[in-house]
Amino acid sequence: MALAAPFCHLLAAPPPATAPAADAPREPAGALAPHRASPLLRRRGRLLLACRVSAAPSARGGDAAGVVAAGRPTVLVTEKLGAAGLELLRRFANVDCAYELTAEELRAKVSLVDALVVRSATRVTREVLEAGRGRLRVVGRAGVGIDNVDLQAATEAGCLVVNAPTANTVAAAEHAIALLTAMARNVAQADASLKAGKWQRNKYVGVSLVGKTLAIMGFGKVGSEVARRAKGLGMDIIAHDPYAPVDRARAIGVDLVSFDEAISTADFVSLHMPLTPSTAKLFDDETFANMKKGVRIINVARGGVVDEDALLRALDNGTVSQAALDVFTEEPPPKDSKLVHHENVTVTPHLGASTSEAQEGAALEIAEAVLGALKGELAATAVNAPMVPAEVLSELSPYVVLAEKLGRLVIQLVAGGSGIKGVKVVYSSARDPDDLDTRVLRAMVTKGIVEPISSAFINIVNADYVAKQRGLRISEGRILLDGSPEIPIDSIQVHLANVESKFAGALSDEGDIRVEGEVKDGKPHLTLVGPFSVDVSLEGNLILCRQVDQPGIIGKVGSILGKMNVNVNFMSVGRTAPGKQAIMAIGVDEEPEKEALKLIGDIPSVEEFVFVKL
Ligand SMILES: NC(=O)C1=CN([C@@H]2O[C@H](COP(=O)(O)OP(=O)(O)OC[C@H]3O[C@@H](n4cnc5c(N)ncnc54)[C@H](O)[C@@H]3O)[C@@H](O)[C@H]2O)C=CC1
Ligand SMILES: O=C(O)C(=O)COP(=O)(O)O
């Protein structure tokens, strides 16, 4: 599906996949955060995509053309979503809601859709992403944890993964508190006992929370909200999180401590870290053995961070006196799971995010992100693509086009058979290098270089990955100019070192193929080929001719093209000195017939020429 929006080519490159950084709450110590609803909810009625990158029409506003102009995208939703989010998706896309699909059914369906929206129960494996290759461009996770999505495979396939990281924070934190208090007072067990006709007041004596130490393992969005709430219960809070900013903890009145200190001093341990290779089964026999005897554990994060067999052993030998679990390694857990049936364990079926408020919020948050991504916008919640702020993207938008065109041009100047290894992109700018984020531009140069010579489909998500796979080293350089930092970039040069060129005129004095472009009136222009200055719009197709500078050549070439019905839209001649070598750059709307190109080549003073499709 072709999309009309200006950034659709970005989705058609990335630092390594990283989870979005935790929101740093700034409220005073002890204050509870409100529900972190989606930007849409917060701005009531006005859809502002979290990362709007252009003046493209709003997805909710009157002009839906940005999304649907070239055909409505199709979105597959495989788990129940809040109604408002579904409604928003339906306004701009064909929505197929198909729940409880088998892996085989999912693979079949995914090949027919542009986007897939899931929650935690759908496993978006490499096979699923392979099945979607060529069409599937966005996976939206209506929630936080993206451990059910194979991020590496998505990146390789150029498929953007977005999540909804804020809408269910409060719900998850509230559920952790619910489990903490219910566990301490045996609420679930006492409820079951009373319903079974018993009255067991002595059996269900609980423990108090006030004055007890709670260790929060993973001090991100949910962890910090749990800390605030638990403070209100009079608990002493410590937290362990190797990546959490100390000031955020200090602002809430929480001490960040080492893993060992956290687990050995806490009466209650609440888990709030993501499931990653380094957190898988972090809570094992050894960890439990180092905990305070009789400790109580709450897990509203992911079952996989706990070795469930080890937990069962720790419960049986009394090291852990109680556990409250919302999440399991396998969901649903086996019916005869000893852990689930253990009398000292309180369980819920992954309900952390299941409040109506959180569901509506997450559904809207993901619908906005998916629709924005389908329009080619870079969502603020992209998980496997560079997080480039909206204003930066908006400012760089004409340079994005220029970067890709220069990449396309330079690769077509390479003589067949010469392998490209090193690409250097040099930005001339008066701006402080720290204020110029060039990741998107680098990705687009890569796209321009690799796409014409391969079947690879390259976008902002997978450009770096594909470049690495192909052994392409893309380096960047800066030329600092005096002048106004208002304009982000004066020119972009692309150099290819150690390659032969089929157009010797493009070789710089250092022997590399070199082209340079600028943005003029918002349009990409070619301004330098090798040592020759030219000025030609980088649109459509281009003929580059090298000749000895003399009168009449422009006329000869122009008349050949005219006779062949090829419209010349731009022409520029650059020369090193009068009467010496010159380069003629001719922009043409149509691709000239071979015969026309041959006739141009036959003009005696034309020493070489090349036709390039941009
Ligand atoms: N049960 C449910 O329905 C829900 C579960 N969750 C889960 O809760 C967890 C936390 O979610 P958020 O707070 O939104 O994520 P977040 O990304 O804001 O916070 C996670 C924190 O864990 C920290 N962390 C990473 N590795 C760690 C390690 N080895 N030791 C200690 N800390 C580590 C990170 O630095 C980060 O601060 C995730 O696993 C998420 O999937 C979230 C929402 C609902
Ligand atoms: O957001 C998360 O990480 C959750 O675990 C919530 O999962 P769910 O969307 O309820 O399947």
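Residues numbered from 1 in each chain as written. Chains lettered and ligands numbered in written order. Predicted model: local features only at pLDDT ≥ 70, side-chain atom pairs only at ≥ 80, totals over all residues. Heavy atoms only, no water.

Engineer: Could you clarify how one ought to interpret the packing of helix H19 (residues 553-563) against helix H20 (residues 594-602) in this entry?
Structural biologist: The geometry of a pair of packed helices is captured by two quantities: the angle between their axes and the separation between those axes. With their axes 10 Å apart at the nearest point, H19 and H20 run at an angle of 165° to one another. Judged by the angle between their axes, H19 and H20 are roughly antiparallel. In terms of crossing hand, the pair formed by H19 and H20 is right-handed. Each of Val557, Ile560 and Leu561 in H19 lies in contact with H20, whose residues at this interface are Ala596, Leu599 and Ile600. (Axes fitted to C-alpha atoms, helices over the stretch in contact; angles between N-to-C directions. Helix = DSSP H or I, 4+ residues; strand = E, 2+ residues; numbered from the N terminus. Parallel < 35°, antiparallel > 145°, perpendicular 65-115°, else oblique. Left-handed = near helix turned anticlockwise from the far one by under 90°. Contact = heavy atoms within 4.5 Å.)

Engineer: In this structure, what is going on with the site of ligand 2? I would like to understand it.
Structural biologist: The environment of ligand 2 is made up of Arg119, Ser120, Arg141, Ala142, Gly143, Val144, Gly145, Asn168, Arg302, His350 and Ala353. Asparagine 168 has a polar side-chain atom sitting 2.9 Å from an oxygen atom of ligand 2. Surface burial for ligand 2 is 91%, taken as the share of its 310 Å² of free accessible area covered by protein chains. Looking at side-chain class alone, the shell around ligand 2 contains three nonpolar, five polar and three charged residues. (Near = heavy atom within 4 Å. Polar contact = N/O pair within 3.5 Å; in protein donor to acceptor, adjacent residues only side chain to side chain. Areas by Shrake-Rupley, 256 points an atom, 1.4 Å probe, with all protein chains shown as cover. Nonpolar A, V, L, I, M, F, W, Y, C, P; charged D, E, K, R; others polar.)

Engineer: Quick question: what am I supposed to make of the environment of serine 508 here?
Structural biologist: The residue serine 508 is located in the loop between strand S15 (491-496) and strand S16 (513-520) in this model. Every residue in contact with serine 508, bar those within four places of it in the chain, is listed here: Arg514 and Gly530. Among the polar contacts listed, one links the side chain of serine 508 to the side chain of aspartate 512, at a separation of 2.3 Å.

Engineer: I would appreciate a short explanation of the domain arrangement of the protein in the present structure.
Structural biologist: Often the size quoted for an interface is simply the accessible area lost on bringing the parts together. When its domains are assigned, the protein resolves into domain 1 (74-163 + 359-375), domain 2 (168-347) and domain 3 (390-613). A separation of 59 Å is found between the C-alpha centroids of domain 2 and domain 3. (Domains from an automatic or database assignment.)

Engineer: Any chance you could explain unusual backbone geometry here in plain terms?
Structural biologist: For the bond running from glutamate 331 to proline 332, omega is -10°, close enough to zero to count as cis. Within the secondary structure, proline 332 sits in the loop between strand S11 (320-325) and helix H14 (338-341). At lysine 281, a position not held by glycine, the phi torsion is positive, near 55°. Residue placement: lysine 281 occurs in the loop between strand S9 (268-271) and helix H12 (285-289).

Engineer: Could you clarify how one ought to interpret helix H3 (residues 83-92) in this entry?
Structural biologist: For an α-helix, the turn length of 3.6 residues means that residues three or four places apart are oriented alike. Residues Gly85, Leu86, Leu88, Leu89 and Phe92 constitute the buried set of H3. Projected onto a plane normal to the axis of H3, the buried residues spread over an arc of 160° and lie on a single side. More than 90 degrees from the buried face of H3, the exposed residues found are Ala83 and Glu87. (Buried < 20%, exposed > 50% of the residue type's maximum accessible area, 1.4 Å probe, protein only. Arc of directions from axis to C-beta.)

Engineer: Hey, could you run me through the sheet that holds S11 in this one?
Structural biologist: Hydrogen bonds between backbone groups are what pair the strands of a sheet, and the pairing can be parallel or antiparallel. Strand order in the open sheet formed by seven strands is S8-S7-S6-S9-S10-S11-S12, with parallel pairing between adjacent strands. Since the sheet does not close on itself, it has two edges, and those belong to strand S8 (255-256) and strand S12 (345-347), each with one partner. When S11 meets S12, the two strands line up parallel, connected through three bridges. Pairing of leucine 325 across the sheet is with valine 347, part of S12. Here helix H13 (residues 308-316) sits on the sheet and contacts S11 and S12; the angle it forms with S11, its principal contact strand, is near 135°. (Pairing = 2+ DSSP bridges.)

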